[in-house]
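# Observations on chain architecture
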There are 2 protein chains.
Amino acid sequence: MIFSSRLIEEAVEAFSRLPGIGRKTALRLVLHLLKEAPEETHRLADAIRRMRDEIRFCRICYNVSDAEVCSICGNPARRHDIICVVENIRDVMAIENTQQYAGVYHVLGGVISPLAGVGPEDLTIEPLVQRVATGQVQEVIMAISPTVEGDTTIFYISGKLKAYPVKLTTIARGIAFGGELEYADEMTLARSLTNRLPLEKYMLSSQADPSPDT
Amino acid sequence: MIFSSRLIEEAVEAFSRLPGIGRKTALRLVLHLLKEAPEETHRLADAIRRMRDEIRFCRICYNVSDAEVCSICGNPARRHDIICVVENIRDVMAIENTQQYAGVYHVLGGVISPLAGVGPEDLTIEPLVQRVATGQVQEVIMAISPTVEGDTTIFYISGKLKAYPVKLTTIARGIAFGGELEYADEMTLARSLTNRLPLEKYMLSSQADPSPDT
């Protein structure tokens, strides 16, 4: 595409480096900003820059945070003896949005993936072990994607935590609500058959019990 | 959605004010930036801010420009006696991308639309009349969207330019290349029948003649 302005060219270029934004969309965004008041653009530019420069990671759970300790770890109303281990902060948000979890988190920063060059030392596994080693943790819930890498990570972490008297669980895998059996992959279907639940327990769990102590 | 960080909240909020970007996409962009090196984010923030603060509008044609006169108006190789009148800078880019037009432009900044509160005085019609009044313009091509507002604008401008010895034309309307007759709207089909071309002229125009002097 031909731009008559180097400034526009640079802005389009910068926008189009974002995921899911091509040059046409980038141009649309740039032209939109040009139409709006300059304050709108300043607000966007400042919010982006400040977010990147001032964001911190909670020194306990590695979730994003505005302070040294995030609002979840710093909340005395939450159960600090249950840790939910997730891959990234997006997963924290997803679980928080369910409003069904009252414990705290531990953000790994990814999963073990030899192909992508991610080893255990690149993740926050050691700090997790230290949190468990304090003896104040009753349960560690592995809320990690059910992929080969995810399962490897779960296996590795469970090995590291074996020495401590802590209950290890994973989130339930199975057919999603509203999902149709015929479209489920064989792996999921096979596992959901193996791990079938007594009907009473199913009825119980559908009454949304937030406590994981069942 | 629940964010544990006010900084992220603000960045998501700022991104989601852009057209076509909802809160989920905005969050994805923010998390992407958090994963990348800080320089990437600085580059984006700076490019956006600089674009908005330093961009100028060509004092001749009102196209966006890095200097007082845009690169099209400042190009001696172009025909300055033909002015193509367009609604906005996106249309300039669209026409430039065809690489078939060698004249200059005039960006109106919109079309006359009483419903949207846009009157002739909100557009750059007066500067266009002044350009024509210099007597150095042979032809004014109206490349304005074929809507009710567009046609009103064309009618208004043609009235203003009536006093000057200048040829007024509009871009051809009709069935698009690759378009199928059965899906064309009645208005377009009816106009394309009324303004039918002799076959020789059609054959000639399909040989891409950039000069509008035929």
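Structural data are supplied above this passage.
These lines cover the structure that appears in this document, whether it is placed above or below. Bear in mind the structure is a predicted one, so any value in this text is a computation, not a measurement. (Residues numbered from 1 in each chain as written. Chains lettered and ligands numbered in written order. Predicted model: local features only at pLDDT ≥ 70, side-chain atom pairs only at ≥ 80, totals over all residues. Heavy atoms only, no water.)

### A closer look at the overall build of chain A
- What chain A contains, in helices and strands, is 8 helices and 6 strands.
- Reading chain A from its N terminus to its C terminus gives the helix and strand order α-α-α-β-β-β-α-β-α-β-α-β-α-α.
- Along the longest, intermediate and shortest principal axes, the C-alpha atoms of chain A span 65 × 45 × 40 Å.
- In chain A, the proportion of contacts linking residues at least 24 apart, taken out of those at least 6 apart, comes to 48%.
- A total of about 12,100 Å² of accessible surface is found on chain A, and carbon and sulfur atoms cover 55% of it.
- Taken as two groups, the 23 positive and 28 negative side-chain charges of chain A have centres that lie 2 Å from each other. (Helix = DSSP H or I, 4+ residues; strand = E, 2+ residues; numbered from the N terminus. Contact = heavy atoms within 4.5 Å. Areas by Shrake-Rupley, 256 points an atom, 1.4 Å probe, with all protein chains shown as cover. Lys, Arg positive; Asp, Glu negative; His and termini not counted. Charge placed at Lys NZ, Arg CZ, Asp CG, Glu CD.)

### Examining the relation of the copies chain A and chain B
- Rotating chain A by 180° and moving it 0.0 Å along the rotation axis overlays it on chain B with an RMSD of 0.1 Å. The symmetry that links the two subunits is that of a two-fold axis. When each C-alpha of chain A is compared by its distance to the rotation axis, A45 of chain A comes out closest, at 2.2 Å.
- A shared binding surface is used by both copies, with 100% of the interface residues of chain A retained as interface residues in chain B. (Least-squares fit on C-alpha atoms with pLDDT ≥ 70 in both.)

### Some remarks on empty space enclosed by the protein
All names here are of chain B.
- The final tally for this structure, using the stated rule, is 2 cavities of 30 Å³ or more.
- If you add up the space inside the largest cavity, you get close to 60 Å³.
- Sorting the residues of the lining of the largest cavity by element identifies α2 (23-35) and α3 (38-54) as the ones contributing at least two each.
- No other element matches the 3 residues that α3 contributes to the lining of the largest cavity. (1 Å grid on protein atoms, 1.4 Å probe; cavity = no way out; pocket = protein on both sides within 12 Å on 5 of 7 lines; lining within 4 Å. Points joined across faces, edges and corners; volume = space filled by probe spheres on them.)

### Quick notes on the pairing of strand β3 (residues 79-86) of chain B
Residue and element names in this part refer to chain B.
- With 6 of 8 residues buried, β3 is to be regarded as a mostly interior element.
- Relative to strand β4 (residues 103-107), β3 is paired through 5 bridges, and the arrangement is parallel. Residue pairing in the sheet places V86 in a bridge with V107 of β4.
- Read as a crossover between parallel neighbours, the route from β3 over helix α4 (residues 89-98) to β4 is right-handed.
- In the sheet, β3 pairs with strand β5 (residues 139-142) via 4 bridges, with the strands oriented parallel. Within β5, the residue paired with C84 across the bridge is I141. (Buried < 20%, exposed > 50% of the residue type's maximum accessible area, 1.4 Å probe, protein only. Pairing = 2+ DSSP bridges. Right-handed = clockwise from strand over helix to strand, strands pointing away.)

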